[in-house]
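What follows is each chain in one-letter form.
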Amino acid sequence: LRTRDIDLARERARNIYLDYIAKARNNQPIFDRKAKELADAYIEYQLPVFLEGAFIISYRSQLMNDDHWMHHALKLAQQAEAAGEVPVGAVLVQGDEIIAGGFNRPISTHDATSHAEIVVLRAAGEKLQNYRLTGTTLYVTLEPCSMCVGAMIHARVSRLVYGASELRTGALGGAFNLLEANAHNHFFEVTGGVLANESRAMLQAFFKSRRK
């Protein structure tokens, strides 16, 4: 690569890093594409590690953390399946603590709104005695629908991590992206595809068994 190309890539990576820091200090939403762009720049151009190196380490650590909490959500999805519900599980995490966990329950509760995410938001609100759940991350095994995304906006969830994409009703890119509407007064960071294969396999096995 030409020296000029490497310099431009380094400058781009540094600008992404500075933008990340500025948003973090102001508690603004940070979308993971920024982190991916920075990581890709390091891989493609083999950039030297300055301040940004700490960010890459933090990013990799976050991915390991996401796997850990998503495994908890998958265990709850198994409970949903055992109860005859569509196997979707969720946990709400604050720091290193699970605030609430739950799974799909619309059939058993006769309540169409009892998706795993809603169950978790309700339980967390009761536990914290506050419907504003700032500083939390919600992990769910399937991309949320528009109802659940709307609830997370109102609850002021800071970050969402989901497993498998939902191409028919997913409201974060699977079918459409509700966060792209400019009318919202709150946005949250989104990471998709965490342990997606495990979540998808569980869902496919469930629906296959129902078709027999």
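This is a predicted model, so every value here is computed, not measured.

Section: the packing of helix α5 (residues 116–128) against helix α6 (residues 146–155)
Interaxial distance between α5 and α6 falls to 9 Å at its minimum, and their mutual angle equals 25°. As judged from the angle between their axes, α5 and α6 are roughly parallel. Note that α5 runs across α6; the crossing there is left-handed. Contacts between α5 and α6 pair Glu117, Ile118 and Leu121 from the former with Met147, Cys148, Ala151, Met152 and Ala155 from the latter. The residue makeup of the contact of α5 with α6, split by class, is 7 nonpolar, no polar and 1 charged.

Remarks on unusual backbone geometry
Phi angles above zero are rare outside glycine, and Gln129 is one such case at about 55°. Relative to the helices and strands, Gln129 is located in the loop between α5 and β3 (137–142). In this structure, Leu195 is a non-glycine residue whose phi angle is positive, near 55°. As for its placement among the helices and strands, Leu195 is situated in the loop between β5 (189–191) and α7 (196–211). Given a relative accessible area of 14%, Leu195 falls into the buried group.

Brief notes about the pattern of salt bridges
For the coordinates displayed, the defined rule picks out 5 salt bridges. When the shortest N-O distance is used, the salt bridge between Arg159 and Asp66 registers 2.8 Å. Residue Arg159 is located in strand β4 (residues 159–164), and its partner Asp66 is located in helix α3 (residues 52–82); the two are separated by 93 residues in the primary sequence. Across the pair, Asp66 and Arg159 agree in class, each one buried. Put simply, Asp66, Arg159 and Glu189 are held in one network by salt bridges that share partners.

Conventions we followed
- Residues numbered from 1 in each chain as written.
- Predicted model: local features only at pLDDT ≥ 70, side-chain atom pairs only at ≥ 80, totals over all residues.
- Heavy atoms only, no water.
- Axes fitted to C-alpha atoms, helices over the stretch in contact; angles between N-to-C directions.
- Helix = DSSP H or I, 4+ residues; strand = E, 2+ residues; numbered from the N terminus.
- Parallel < 35°, antiparallel > 145°, perpendicular 65-115°, else oblique.
- Left-handed = near helix turned anticlockwise from the far one by under 90°.
- Contact = heavy atoms within 4.5 Å.
- Nonpolar A, V, L, I, M, F, W, Y, C, P; charged D, E, K, R; others polar.
- Buried < 20%, exposed > 50% of the residue type's maximum accessible area, 1.4 Å probe, protein only.
- Salt bridge = Lys/Arg side-chain N within 4 Å of Asp/Glu carboxyl O.

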